[in-house]
Amino acid sequence: MRRADLAVDAGYLPPPEAPALLRRALRDPLCVPPVADSLAARVEEDGSGASALRTVAGLIDVPAKRDGVSGRIADPVEAVGRLYASCGVRLGEARPWRARFEALPGPVREAVAALMDGVARSRTDAEGALGRLTPEERGLAARATGLIADSLDEREARRIVAAAAKIDRGRMVGAALELMAAVEAARAALKAFNRDGQDTTRTDRTNPSTPLRTGLEGVEGDVLAAFETPAGAVIVGGPGRTVYRRPAAVILDLGGEDRYEGWAGAASGSAGLSASVCLDLGGDDVYVADGDVAQGAGASGVGVLVDAGGDDRYESRGGICQGSGVMGVGVALDLGGDDRYEGGIGCQGAGLFGVGLLMDGAGCDRYRAGAAAQGYGGTGGAGALLDRAGDDAYFAGGRLPDFREPGRFQSLGQGYGTGIRPFAAGGVGALLDLGGDDRYEADYFAQGSAYWTGAGLLIDRRGRDLYVARRYAQGSAAHVAMGALVDGAGEDVYRSWGVSQGCGHDLAVGWLLDRAGDDRYEATWLSQGAGSANGVGLLADGGGDDQYLGERNTQGSGVGDRGYGSIGILLDGGGTDRYSGQGRDGEMWRDGEYGAGLDADAEALW
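Scope of this entry: the structure provided in the associated data block. (Residues numbered from 1 in each chain as written. Predicted model: local features only at pLDDT ≥ 70, side-chain atom pairs only at ≥ 80, totals over all residues. Heavy atoms only, no water.)

**Concerning the overall build of the protein chain**
Looking only at helices and strands, the protein chain features 10 helices and 48 strands. Computed over the C-alpha atoms, the radius of gyration of the protein chain is 25 Å, within 12% of the 25 Å expected from 2.2 N^0.38 for a compact globule of 606 residues. Along the first, second and third principal axes, the C-alpha atoms of the protein chain reach 80 × 50 × 40 Å. Taking all 606 residues of the protein chain together, the buried fraction comes to 63%. Accessible area for the protein chain stands at about 20,900 Å²; split by element, carbon and sulfur atoms hold 47% of it. Positive and negative side-chain charges of the protein chain, numbering 61 and 87 respectively, have mean locations separated by a distance of 7 Å. (Helix = DSSP H or I, 4+ residues; strand = E, 2+ residues; numbered from the N terminus. Rg over C-alpha atoms; globule rule 2.2 N^0.38 Å. Buried < 20%, exposed > 50% of the residue type's maximum accessible area, 1.4 Å probe, protein only. Areas by Shrake-Rupley, 256 points an atom, 1.4 Å probe, with all protein chains shown as cover. Lys, Arg positive; Asp, Glu negative; His and termini not counted. Charge placed at Lys NZ, Arg CZ, Asp CG, Glu CD.)

Here it is, written out as structure tokens:
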């Protein structure tokens, strides 16, 4: 067999609007491991959120039209003027907030100015990206999540797809990068601000933490400055406890155990808030929301939430939250602490006609979501969850019942990409965990899985991990798609029922690659290197004393169909292994004309 024999027939390749990553994988399935390695290396080497966003947008071939490197403004009054100008409004002479700005320490003034300027620039680009949409079409972002639950008729689905095609996604990503650059400028300015909320660059040690009676509804507690602008409210919270219950263009919070109810760095263009940023410098904070669009989300707009530290809790009963973009860009960055994330449908790094990114810097974190989460890419979208370190737990499911099996649910996450069958090409979803002993739990369609011209990737670089799923999972794909699970090292356990662990069905490619460790694979049918309906399924284990438990159509199984083959291959690179299926330690075996397995000493597998 030649490398070219693994390719999907060129006559069945997806349309040009499908991601180039998918088209390349279908032409050459063996390219998938190095592509996954390159992706993980870029994220690990450059830990910045801006770099991660550029990488995620690149998964769907969207280059940013700006790079977020514009100069910042240090004067708050000038920055407010730009904020007004971005809405086409002239800043008048009445400026009751100016005295309060002047009472703030220099670094705080500079930081809030950078954030306001960033929102002004981001708003201009976001509005430009949406310029071809009617007001009614902008409002379709709120309906687009119905595509996930398959609750829309085809006519409305096509209307949403047609509207989303008018968005300049490159300009929208550039708008997000402008806002993230402003956050970095603000953080740099605030390095001179100590933990007590005092300006260390001044000799009078002015303490700005005196509570302010703002007159602005929806904010209370330790508030240093707050006022309305045509682009949205600007709020500066002090180092004490502050409660935020309203949308805002800018929130800068200097610390404390704060509570955010609702938006928190979320933007909705249809609601007139096309750019929003929230920067919290630390503390054990609580973020709660009852509806959609919250906690670092963009719906027809750009939203950025950055929490610099603390053991934080993020809870949302709705969707489009916690680093998700629908017809926009949403970014949520938590830079440290043992955090907990709970969300509904379309959250925790989800992109649909846009880009979503949730990145957690360190700590032992818990992620729980209903569906379409933890690295979900729908049509025209890319979504990613990036966790840099810690013993983490992921769960996705329980909200969307699957018709195939009573009591089971569609997870659509943990590295899942999909399109809208049969008329819209898919997106790319990715979950990258760079270290720690992790636990992944899901049901149908998860853990490096894809459907209908989509691509899904789950990459875990190191640690002793447990993967539990039911079907269409752990490196599987169906209907001209590509799904891959790549685990770098550790003693791992994989448990699934069927169509998993390196399975390609119907002109699709499924990959499971485990590079090292004493691993255990459990599945019942069509798994562990299995192909069906002209699909390609590959399982490769680089070494260790492994166990493979399988029954029918497993461990290198492929059958002929439609006049040519479905290829299934299992490769084990060494160690003393045990098989309950057709595999044999230290030997080669065949399963019909198109299935095979090889267990032999090898220095490396991909």
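From this point, the narrative continues.
**Concerning the pairing of strand β39 (residues 536-541)**
In terms of burial, β39 is largely enclosed, as 6 of its 6 residues are buried. With 6 bridges connecting them, strand β35 (residues 509-514) and β39 associate as parallel partners. Each residue of the ladder has a partner; that of Leu 512, found in β39, is Leu 539. (Pairing = 2+ DSSP bridges.)

**Examining the sheet that holds strand β30 (residues 476-478)**
One open sheet accounts for 11 strands, arranged β5-β8-β11-β14-β17-β22-β26-β30-β34-β38-β42; its pairing is parallel. Either end of the sheet is taken by a strand with one partner, and the two such strands are β5 (266-268) and β42 (557-558). With 3 bridges joining them, strand β8 (residues 297-299) and strand β11 (residues 324-326) adopt parallel strand pairing. Within β11, the position partnered with Ala 297 by the bridge is Ser 324.

**Section: the side chain of Arg 123**
In this structure, Arg 123 sits in helix α6 (residues 106-129). Look at Arg 123: it is buried, it has no salt bridge, and the nearest opposite charge is Glu 127 at 4.5 Å. Among residues more than four places away in sequence, those in contact with Arg 123 are Ser 86, Cys 87, Ala 231, Gly 272, Leu 273, Ser 274 and Ala 275. (Salt bridge = Lys/Arg side-chain N within 4 Å of Asp/Glu carboxyl O. Contact = heavy atoms within 4.5 Å.)

**So, unusual backbone geometry**
Each neighbour pair has its own omega, and for Arg 421 with Pro 422 the value is 5°, a cis peptide bond. Position of Pro 422 relative to the elements: it lies in the loop between β22 (416-418) and β23 (428-433). For Met 327, which is not glycine, the phi torsion reads 60° and is therefore positive. The topology assignment puts Met 327 in the loop between β11 and β12 (329-334).

**Quick notes on the pairing of strand β18 (residues 382-387)**
Along β18, 6 of the 6 residues are buried, which leaves the element largely enclosed by surrounding structure. Of the two faces of β18, the one lined by Ala 382, Ala 384 and Leu 386 and the one lined by Gly 383, Leu 385 and Asp 387 are each fully buried. Here strand β15 (residues 355-360) pairs with β18 via 6 bridges, running parallel. Each residue of the ladder has a partner; that of Leu 357, found in β18, is Ala 384. Bridging between β18 and β23 involves 6 bridges; their strand directions are parallel.

**A word on the packing of aromatic side chains**
For the coordinates displayed, the defined rule picks out 22 aromatic pairs. Between Tyr 494 and Tyr 521, the ring centres sit 4.9 Å apart and the planes meet at 0°, which makes this aromatic pair stacked. A residue pair is termed long-range when its members are at least 10 positions apart, and Tyr 494 in strand β32 (residues 493-495) and Tyr 521 in strand β36 (residues 520-522) qualify at 27 residues. With a relative accessible area of 0%, Tyr 494 lands in the buried category. According to the relative accessible area criterion, Tyr 521 is buried, its value standing at 0%. In this arrangement the basic side chain of Arg 158 is found over the ring face of Phe 423, its NZ or CZ atom lying 4.2 Å from the centre. If you follow Arg 470 out to its NZ or CZ, it ends over the ring of Trp 497, 4.2 Å from the centre. (Phe/Tyr/Trp six-rings, centres within 6.5 Å; stacked < 30°, edge-to-face > 60°. Lys NZ or Arg CZ within 6 Å of the ring centre and 35° of its normal.)

**As for the environment of Val 112**
Within the secondary structure, Val 112 is located in helix α6. Take Val 112: its relative accessible area is 0%, and that puts it in the buried class. Considered as a pair, Val 112 and Val 161 are 49 residues apart in the sequence and their alpha carbons are 38 Å apart. Those residues within four positions of Val 112 in sequence are excluded, and the remaining contacts are Phe 101, Val 234, Val 236, Val 250 and Leu 252.

**Here we look at the packing of helix α3 (residues 49-58) against helix α10 (residues 169-189)**
The geometry of α3 relative to α10 is characterised by a closest axis approach of 10 Å and an angle of 170° between their N-to-C directions. As far as their axial angle goes, α10 and α3 are roughly antiparallel. On α10, the residues touching Gly 49, Ala 50, Leu 53, Arg 54 and Ala 57 of α3 are Val 173, Ala 176, Leu 177 and Met 180. Residue composition of the contact of α3 with α10, by class: 7 nonpolar, 1 polar and 1 charged. (Axes fitted to C-alpha atoms, helices over the stretch in contact; angles between N-to-C directions. Parallel < 35°, antiparallel > 145°, perpendicular 65-115°, else oblique. Nonpolar A, V, L, I, M, F, W, Y, C, P; charged D, E, K, R; others polar.)

**Overview of the packing of α6 against α10**
Here α6 crosses α10 at 180°, and the two axes come no closer than 8 Å. By the angle class used here, α6 and α10 are roughly antiparallel. Taken together, the residues of the contact of α6 with α10 break down into 16 nonpolar, 4 polar and 5 charged.

**A few points about the environment of Gly 255**
Its location among the elements puts Gly 255 in the loop between β3 (250-253) and β4 (259-261). Gly 255 sits in the buried class, given a relative accessible area of 7%. Residues Gly 255 and Ala 308, spaced 53 residues apart in sequence, show a C-alpha to C-alpha distance of 9.2 Å. Excluding anything up to four places from it in sequence, Gly 255 contacts Gly 238, Pro 239, Gly 240, Leu 281 and Gly 282.

**Focus on the nonpolar core**
Judged by nonpolar contacts, the single largest core of 146 residues is most densely connected at Leu 53, Met 116, Leu 252, Leu 357 and Met 482. Here Leu 53 is in contact with Val 173, Ala 176, Leu 177, Met 180, Val 329, Val 331, Val 355 and Leu 357, once residues within four sequence places are set aside. Counting residues in each nonpolar core, the second largest holds 34 residues, with Leu 216, Ile 235, Leu 305 and Tyr 314 among its members. (Core = buried A, V, L, I, M, F, W, Y, C linked by side-chain atoms within 4.5 Å.)

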